[in-house]
Amino acid sequence: MPVVRNAWKIIAVALPGLVLAVAGYHHPGGLDVSTAHMWWTAHVPLIPVFPLLGVVLWALVRDERGPAKVLVVVGAYVYGCFYTALDCLAGIAAGLVLETEGRGQQSIIELIGLGDRLSYVGTGAYLVATLAVAGLLLRRAGLVALPGALLLVGAAIPFQTSHIFWPTGVAAMVASAAGAALLEWSRTRSAPRVPAAVA
């Protein structure tokens with residue numbers, strides 16, 4: 001049934017952002033000895049979740065063609081790679097080193113610093129990809145895609161520095177989920193209709 005199928009697609013593209021918003025709400029606000037265990041263990045289950053933000057971008061432009069789609073695909077891929085590196089270095093490794101070795105470890109500072117530098121590459125690529133998605137779907141669906149485009153791109157900007165931290169990062173993930181859902185809705189509205197068979 002088309003309506004049910006479209007509803008599931010809308011839910012599917014919104015889900016990664018919503019999961020990350022919930023994770024961000026429960027994420028420790030900072031890394032110290034008291035939060036180290038929760039810090040690194042929270043990042044382990046997020047390894048397969050963060051790249052899904054990029055998969056959502058691929059899904060939103062699945063019927064598109066041309067250089068802008070290539071930009072989405074490449075940007076989302078670069079994001080997935082480099083943001084996963086942040087998750088592993090500044091999330092899992094730094095937290096685990098602090099938990100097991102205690103304070104004063106230069107390696108913790110180095111892990112977080114390297115993770116941050118790699119994250120700028122990933123989140124920058126993600127922002128570019130969201131801009132390309134917005135352009136493609138505005139061209140496809142017109143102004144009906146504008147609210148979703150603004151939310152998706154707007155969420156990608158604070159994501160660069162706030163990640164999923166409460167409150168800004170959590171709000172960004174909710175906005176990303178809402179933007180993706182609205183864009184999916186707009187693209188299904190603009191999908192070519194199959195003419196009814198003539199008896």
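Residues numbered from 1 in each chain as written. Predicted model: local features only at pLDDT ≥ 70, side-chain atom pairs only at ≥ 80, totals over all residues. Heavy atoms only, no water.

Caption draft 1: Representation of the overall build of the protein within the structure. When you go through the protein residue by residue, the secondary structure sums to seven helices and zero strands. In sequence order, the protein lays out its α and β elements as α-α-α-α-α-α-α. With the C-alpha coordinates aligned to their principal axes, the bounding extent of the protein is approximately 80 × 30 × 25 Å. For the protein, with 199 residues in total, the buried portion stands at 42%. Sequence-distant contacts in the protein: of pairs separated by 6 or more residues, those separated by 24 or more amount to 78%. Within the structure as shown, the protein displays about 10100 Å² of accessible surface, and the carbon and sulfur contribution to it stands at 72%. Of the side chains in the protein, 12 bear a positive and 9 a negative charge, and the two mean positions are spaced by 22 Å. (Helix = DSSP H or I, 4+ residues; strand = E, 2+ residues; numbered from the N terminus. Buried < 20%, exposed > 50% of the residue type's maximum accessible area, 1.4 Å probe, protein only. Contact = heavy atoms within 4.5 Å. Areas by Shrake-Rupley, 256 points an atom, 1.4 Å probe, with all protein chains shown as cover. Lys, Arg positive; Asp, Glu negative; His and termini not counted. Charge placed at Lys NZ, Arg CZ, Asp CG, Glu CD.)

Caption draft 2: Geometry of the environment of Arg-139. Secondary-structure assignment places Arg-139 in helix H5 (residues 106-141). With a relative accessible area of 59%, Arg-139 lands in the exposed category. Residues Arg-139 and Ala-149, 10 residues apart in the sequence, show an inter-C-alpha distance of 11 Å. Apart from residues no more than four positions distant in its own chain, Arg-139 is found in contact with Glu-64 and Arg-65.

Caption draft 3: Highlighting the side chain of His-27. Positionally, His-27 belongs in the loop between helix H1 (2-26) and helix H2 (36-43). The class for His-27 is buried, based on a relative accessible area of 9%. One polar contact links His-27 to His-43, side chain to side chain, over a distance of 2.8 Å. Among residues more than four places away in sequence, those in contact with His-27 are Trp-39, His-43 and Phe-165. (Polar contact = N/O pair within 3.5 Å; in protein donor to acceptor, adjacent residues only side chain to side chain.)

Caption draft 4: Just the UniProt feature "transmembrane region" (unreviewed entry) in the protein, in detail. When the UniProt feature table is mapped onto this chain numbering, "transmembrane region" (unreviewed entry) sits at residues 7-26, 38-61, 70-98, 118-138, 143-159 and 165-183. Along residues 7-26 the backbone is 100% helical and 0% strand, and the end-to-end C-alpha distance reaches 28 Å. The annotated region residues 118-138 carries 100% helix and 0% strand content, and the separation between its end C-alpha atoms amounts to 31 Å. (UniProt positions renumbered as here; feature names shortened; annotations may be inferred.)

Caption draft 5: Main features of the side chain of His-163. Locating His-163 in the fold gives a position in the loop between helix H6 (146-162) and helix H7 (168-189). Taking relative accessible area as the criterion, His-163 reaches 11% and is therefore assigned buried. Of note is the side chain of His-163, whose polar atom sits 2.7 Å from the side chain of Tyr-83. Every residue in contact with His-163, bar those within four places of it in the chain, is listed here: Tyr-83, Leu-86, Ser-119, Pro-158 and Gly-169.

Caption draft 6: Expanded view of the nonpolar core. Ranked by internal contacts, the top residues of the largest apolar core, which has 39 residues, are Leu-20, Leu-60, Tyr-126, Val-133, Phe-159, Met-173 and Leu-183. Within the residue set of this core, elements represented by two or more residues are H1, helix H3 (52-60), helix H4 (67-101), H5, H6 and H7. Per-element accounting of this core gives the leading share, nine residues, to H5. The residues contacting Val-133, other than those within four sequence positions of it, are Leu-57, Leu-60, Val-61, Val-72, Leu-152 and Leu-183. (Core = buried A, V, L, I, M, F, W, Y, C linked by side-chain atoms within 4.5 Å.)

Caption draft 7: Summary view of the packing of aromatic side chains. Counted under the stated rule, the structure contains eight aromatic pairs. With centroids separated by 5.5 Å and ring planes inclined at 35°, the aromatic side chains of Tyr-79 and Tyr-83 adopt a geometry described as tilted. Of this pair, Tyr-79 and Tyr-83 both sit in helix H4, four residues apart, which is roughly one turn of the helix. The same class applies to Tyr-79 and to Tyr-83, which are both buried. Here the aromatic rings of Tyr-79 and Tyr-126 are separated by 5.0 Å at their centres, their planes lie at 50°, and the arrangement is tilted. Residue Tyr-79 is found in helix H4, and its partner Tyr-126 is found in helix H5; the two are separated by 47 residues along the sequence. Taken as a pair, Tyr-79 and Tyr-126 share a single burial class, namely buried. Connected via pairs of aromatic rings, a cluster forms that spans Phe-50, Tyr-79, Tyr-83, Tyr-126 and Phe-159. (Phe/Tyr/Trp six-rings, centres within 6.5 Å; stacked < 30°, edge-to-face > 60°.)

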